[in-house]
Each structure stands twice: as structure tokens, then as C-alpha cells.
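# Breakdown of the fold
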Amino acid sequence: MSTEDENDQIFKALSHRTRRQICDLLKSEPRTTGMLCDLLPELDRCTVMQHLGVLEEAGLVVAERRGRERWNHLDALPIHAIHERWIGPYAAYATSMLGKLKRQVEDPTGA
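A brief report on the enclosed structure follows. None of the values given here were measured: they were computed from a predicted structure. (Residues numbered from 1 in each chain as written. Predicted model: local features only at pLDDT ≥ 70, side-chain atom pairs only at ≥ 80, totals over all residues. Heavy atoms only, no water.)

## Description of the pairing of strand 2 (residues 61-66)
Regular strands place their side chains on alternate faces of the sheet. Just so we agree on the cut-off: Two strands are said to pair when DSSP picks up at least two bridges between them. Only DSSP runs of H or I with at least four residues qualify as helices, and only runs of E with at least two residues qualify as strands; both kinds are numbered from the N terminus onward.
When strand 2 meets strand 3 (residues 69-74), the two strands line up antiparallel, connected through six bridges. By the bridge assignment for strand 3, Val 62 is matched with His 73. The turn joining strand 2 and strand 3, which pair antiparallel and follow one another in sequence, is formed by two residues; a positive phi near 65° is taken by Gly 67.

So, in C-alpha cells, the structure goes:
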């Protein structure tokens, strides 16, 4: 799979509010699927599992079986890669442009 296809999967996975919420819940510590269901009472277990499947397919969640429990761990490396590729460079560009605009506003003559 190409890097662009992988990025598409990550963006797709993060595009849904519930999946972002699951990532937030896993940020501090791994949780079982049952724990996630308890923390998301508006969703049934099947829906939580479907969202976890999308996150897992995108490489954002790693599932570990311990007996009857499925522990879900957040893998933040794909998010970091997106940050390095997209967010960091665009933020630097935006900061540069804002600095340029500020200088032009403060000194319109360019002196």
C-alpha cells in the first residue's frame, strides 16, 4: 500500500468524531473494549467494535488479546507522521505569512 493510501486511511479514520473520541480515551492508557463501551454509553458494543476496526485498519489502534479481554492501545506514530508531513510545514508557512503581513501593516512604506 502506498504512503498516500495509508494517509487516506488515517484521515478517514480521524474524520469521524467517535473515532477521535476513542483515540482521546486511549491516549492516557490502554483500555479494554468493555471499558470503552462503558465510557461511550450512547453506542452499542457492535458500533464501538466497528469504529475500533477502522482505527486498527488505519494503524491507529493496536489490539492485544489477554484471555477473554481485548486491550486497545493507541499508536500515535501515524498521527505524528501526518503532523510531520502536513501540519508542521503548513503551520510554519502560515506563521511566516503572518509575520510578513505584520511587517507590512506596521511599516507600509517598507522602510
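## Side note on the nonpolar core
Nonpolar side chains tend to gather and get buried jointly when the protein is soluble and globular. Spelled out, the test is: Side-chain atoms within 4.5 Å are what join buried Ala, Val, Leu, Ile, Met, Phe, Trp, Tyr and Cys residues into a set we call a nonpolar core. Categorising residues by exposure relies on relative accessible area from a 1.4 Å probe, with only protein chains included: less than 20% of the type maximum marks a residue as buried, more than 50% marks it as exposed, and the intermediate range marks it as partly exposed. The contact definition used throughout considers only heavy atoms, calling two residues in contact when any of these lie within 4.5 Å.
Ranked by internal contacts, the top residues of the largest apolar core, which has 16 residues, are Ile 22, Leu 36, Val 48, Leu 52, Leu 55 and Leu 60. Every element with two or more residues in this core is listed here: helix 1 (3-14), helix 2 (17-28), helix 3 (33-39) and helix 4 (45-57). The leading source of residues in this core is helix 2, at four residues. Leaving out residues up to four positions away in the same chain, Leu 60 has contacts with Ile 10, Ala 13, Leu 14, Leu 55, His 73, Leu 74, Asp 75, Pro 78 and Ile 79.

## Notes on the sheet that holds strand 1 (residues 31-32)
Spatially, 1-3-2 is the arrangement adopted by the three strands of the open sheet, whose pairing is antiparallel. Strands at the two margins of the open sheet, each flanked by one partner only, are strand 1 and strand 2. Note that strand 1 and strand 3 share two bridges and pair antiparallel. What sits directly across from Thr 32, in strand 3, is Trp 71.

## A word on helix 1
Heads up, the condition is: A helix is expected to reach a length of 1.5 Å times the quantity of its residues less one. The arc refers to the directions leading from the helix axis to the C-beta atoms.
Here helix 1 contains 12 residues, and its C-alpha end-to-end distance of 16 Å stays within 8% of the 16 Å for a straight helix at 1.5 Å per residue. If you check which residues of helix 1 are buried, you get Asn 7, Gln 9, Ile 10 and Ala 13. In an axial view of helix 1, the angular spread of the buried residues amounts to 160°, which keeps them on one side of the axis. Looking at the packing, one finds that the buried side of helix 1 touches helix 2, helix 4 and helix 5 (77-106).

## Description of the pattern of salt bridges
Note that side chains of opposite charge can pair when their charged atoms are close. So the rule is basically this: For this document, the term salt bridge refers to a Lys or Arg side-chain nitrogen within 4 Å of an Asp or Glu carboxyl oxygen.
Counted according to the given criterion, the structure contains four salt bridges. In this structure, Arg 31 engages Glu 29 in a salt bridge whose closest nitrogen and oxygen atoms are separated by 3.5 Å. For Arg 31, a relative accessible area of 14% corresponds to the buried category. Where Glu 56 meets Arg 70, a salt bridge forms, and the shortest distance between an N and an O atom there is 2.9 Å. Of this pair, Glu 56 sits in helix 4 while Arg 70 sits in strand 3, and the two are 14 residues apart along the sequence. Under the relative-accessibility criterion, Glu 56 is labelled partly exposed at 34%.

## Side note on helix 2
Here helix 2 has its buried residues at Thr 18, Arg 19, Ile 22, Cys 23, Leu 25 and Leu 26. End-on, the buried residues of helix 2 take up no more than an arc of 160°, which puts them together on one face. Those residues of helix 2 that are exposed and aimed more than 90 degrees away from the buried face are Arg 17, Lys 27 and Ser 28.

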